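Results of the structural survey
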Amino acid sequence: MDNNISIMIADDHSLMRQGLKKILELEEGLQVIAEAADGEEAILKAIEKRPNVILLDINMPTVNGIEALRRLKDVGSESKIIILTIHDDREYLFQTVNMGADGYVLKDSDSDTLIKAIKDVNQGKTYIQPSLATLLVKEYGNNVPEEKSKKDSLTRREYEVITLIAEGLNNREIAEKLFISEKTVKNHVSNIFKKIEVNDRIQAAIFAYKNNIKKI
């Protein structure tokens, strides 16, 4: 059985694709199986090759990364999607959060950061590069009112769960950490989402960062 993590790189700059491929294939267990130079090609190859993880640049010709992400979600692609971005793209980040991207990595990151992001999202975790999380929090700050009352509405157990969500743990890992069932965790997560008015784990993680929610 092939345990490699299969990856597709979608970026309109050939040198960027080649550089990323060389870096990633130096890491045991990572395999680049496809490349795309624009969003349209990325969609077609993602459907055909079904990579475990897609590295998706936001700014691409023909179809940009945001539209490619939207269409891949619409067709039910199971590939995990990491948005590759630069600081100047921050106005787009709020959109991609709402659309369900699995990770966010800056293009000028070191190779260890990118490799960790790939491995984390492949395991069902979310990955937000800390320096990028700050930008997302600022963007979120203009969109989420009455956050203190939402934070105060969380029970002690929900508070524990959201801190672990912010660390990127999935439901099974949270269940093991708190010695409760996975079904109970799922119920807590659902209640948390309703109370703080978010739709996914990345939004919940950003809420935790913004409101300084830390381990009790």
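Quick caveat: nothing in here was measured; it's all calculated off a predicted structure.

Quick look at helix α1 (residues 14-25) now. Compared with an ideal rise of 1.5 Å per residue, which puts 12 residues at 16 Å, α1 spans 16 Å between its outermost C-alpha atoms and is within 8% of the ideal. Residues Arg17, Leu20 and Leu24 constitute the buried set of α1. For α1, the angular spread of the buried residues around the axis is 70°, confining them to a single face. Those residues of α1 that are exposed and aimed more than 90 degrees away from the buried face are Leu15 and Lys22. Turning to α1, the residues buried within the fold contact β1 (5-10), β2 (30-36), β3 (53-57), β4 (80-85) and α5 (111-122).

Our next topic: the pairing of β4. Taking burial as the measure, the six residues of β4 include five buried ones, the bulk of the element. In this structure, β3 lies alongside β4, joined through five bridges in parallel fashion. By the bridge assignment for β4, leucine 56 is matched with isoleucine 83. Taken together, β3, helix α3 (residues 65-74) and β4 form a β-α-β motif whose crossover is right-handed. In the sheet, β4 pairs with strand β5 (residues 103-106) via four bridges, with the strands oriented parallel. If you follow leucine 84 over to β5, its bridge partner there is valine 105.

For histidine 188, the location among the structural elements is in helix α10 (residues 182-196). The class of histidine 188 is buried, set by a relative accessible area of 16%.

What follows deals with the pairing of β1. Within β1, six of the six residues are buried, leaving the element largely enclosed by the surrounding structure. Side chains of β1 alternate between two faces, with Ile5, Ile7 and Ile9 and Ser6, Met8 and Ala10 buried alike. Relative to β2, β1 runs parallel, the two sharing six bridges. When the sheet's bridge partners are listed, serine 6 is paired in β2 with glutamine 31. Between β1 and its parallel partner β2, the chain crosses via α1, and the hand of that crossover is right-handed. Sheet topology note: the β1/β3 ladder contains four bridges and is parallel. Following the sheet pairing, alanine 10 is matched in β3 by leucine 56.

The rules behind these values
- Residues numbered from 1 in each chain as written.
- Predicted model: local features only at pLDDT ≥ 70, side-chain atom pairs only at ≥ 80, totals over all residues.
- Heavy atoms only, no water.
- Helix = DSSP H or I, 4+ residues; strand = E, 2+ residues; numbered from the N terminus.
- Expected span 1.5 Å × (residues − 1).
- Buried < 20%, exposed > 50% of the residue type's maximum accessible area, 1.4 Å probe, protein only.
- Arc of directions from axis to C-beta.
- Contact = heavy atoms within 4.5 Å.
- Pairing = 2+ DSSP bridges.
- Right-handed = clockwise from strand over helix to strand, strands pointing away.

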